[in-house]
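Architecture and fold: a report
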Amino acid sequence: MKNIAIYSVVFLFLACAGKQNLSPSETSKIVVESFYNNDNTTLKKHTTTEGYEGLKSIQDLMTAGKSGDSDFKVLEETANDKVAWVRFTTSYEENPELFKLLKVDGQWKVTQQGPREKGPF
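My aim in this report is to walk through the structure given alongside it, one point at a time. All figures in this text were calculated on a predicted structure; none of them were measured in a lab.

Here is what the cut-offs are and how they apply
- Residues numbered from 1 in each chain as written.
- Predicted model: local features only at pLDDT ≥ 70, side-chain atom pairs only at ≥ 80, totals over all residues.
- Heavy atoms only, no water.
- Helix = DSSP H or I, 4+ residues; strand = E, 2+ residues; numbered from the N terminus.
- Buried < 20%, exposed > 50% of the residue type's maximum accessible area, 1.4 Å probe, protein only.
- Contact = heavy atoms within 4.5 Å.
- Areas by Shrake-Rupley, 256 points an atom, 1.4 Å probe, with all protein chains shown as cover.
- Core = buried A, V, L, I, M, F, W, Y, C linked by side-chain atoms within 4.5 Å.
- Lys, Arg positive; Asp, Glu negative; His and termini not counted.
- Salt bridge = Lys/Arg side-chain N within 4 Å of Asp/Glu carboxyl O.
- Polar contact = N/O pair within 3.5 Å; in protein donor to acceptor, adjacent residues only side chain to side chain.
- Expected span 1.5 Å × (residues − 1).
- Bend = angle between axes of the 7 residues up to and from the residue.
- Pairing = 2+ DSSP bridges.

**Comments concerning the overall build of the protein chain**
Broken down by element type, the protein chain carries four helices and four strands. Walking the protein chain from its N terminus toward its C terminus, one meets helices and strands in the order α-α-α-α-β-β-β-β. The burial tally for the protein chain puts 30% of its 121 residues in the buried class. The long-range fraction of contacts in the protein chain, counting pairs at least 24 apart against all pairs at least 6 apart in sequence, stands at 49%. On the protein chain, roughly 8,200 Å² of surface is accessible, and the fraction owed to carbon and sulfur atoms is 53%.

**Overview of the nonpolar core**
Membership of the largest hydrophobic core comes to 16 residues, with the highest contact counts inside it found for V31, V32, L43, F88, F99 and L101. Listing elements by their share of this core, those giving two or more residues are α2 (24–36), α4 (49–63), β2 (83–89), β3 (97–104) and β4 (107–111). Considering each element in turn, this core owes the most residues, four residues, to α2. What L43 contacts, discounting residues up to four positions off in sequence, is V31, S34, F35, Y52, L55 and Q59.

**A word on the side chain of S28**
Examined against the element boundaries, S28 turns out to sit in helix α2. Once residues within four sequence positions are removed from consideration, S28 is found in contact with F72, V86, F99 and L101.

**Some words on the side chain of K109**
Turning to its location among the elements, K109 is positioned in strand β4. Buried and without a salt bridge, K109 has D105 as its closest oppositely charged side chain, separated by 7.0 Å. At 2.8 Å, the side chain of K109 forms a polar contact with the backbone oxygen of K45.

**Some words on α4**
For α4, with 15 residues, the first-to-last C-alpha span of 20 Å sits near the 21 Å given by 1.5 Å per residue. At S57, α4 shows its maximal kink, close to 40°. For α4, the set of buried residues is G51, Y52, G54, L55, Q59 and T63. Each element contacted by the buried residues of α4 is listed here: α2, α3 (40–45) and β4.

**What about the pairing of β2?**
Each regular strand displays side chains that alternate between the two surfaces of the sheet. Where strand β1 (residues 73–79) lies against β2, six bridges are found, and the strand directions are antiparallel. When the bridges of β2 are listed, K73 appears paired with T89. Connecting the antiparallel pair β1 and β2 is a turn made up of three residues.

**Quick word on the environment of E76**
By the element assignment, E76 lies in strand β1. For the pair E76 and P120, spaced 44 residues apart in sequence, the C-alpha to C-alpha distance is 9.7 Å. Apart from the residues within four sequence positions on either side, E76 is in contact with W85, V86, R87 and F121.

Take a look at the structure:
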C-alpha cells in the first residue's frame, strides 16, 4: 500500500511538471516580455525558428531604453486548430501590435508573418 501512495505522488508530480498548455494570448505576453527583457532562452522556447530569428534581428533596435512592466492587453484574438492571431497593446509601443502563432507539437509559438500576409483584424 505504501508503494502505491509513493507512486501516486511521483506520478502527480511528473504530470504537473510537464509542458504547460498556454493560450495564444498567454504565449504572446511571454514573448513580448522576454523580448523586451532580453530573456532569449524564454523567447526561443515560445517562438518558431523563423519567429526567433526575426525578433532577434530587431531586438537591440526595438528594446533600447524600454523596460519595466509590459501592461500587456489583448485587443483581439482568433484561433483555429493550427493558426492563431493576437492583436495587443503594451507600454513599450504606442500602436497595437499583431502576432501570428502556429501550434507546434501542441504548443502555441509566435512565428514570423509573411511579407504580404495580413492578419484577420
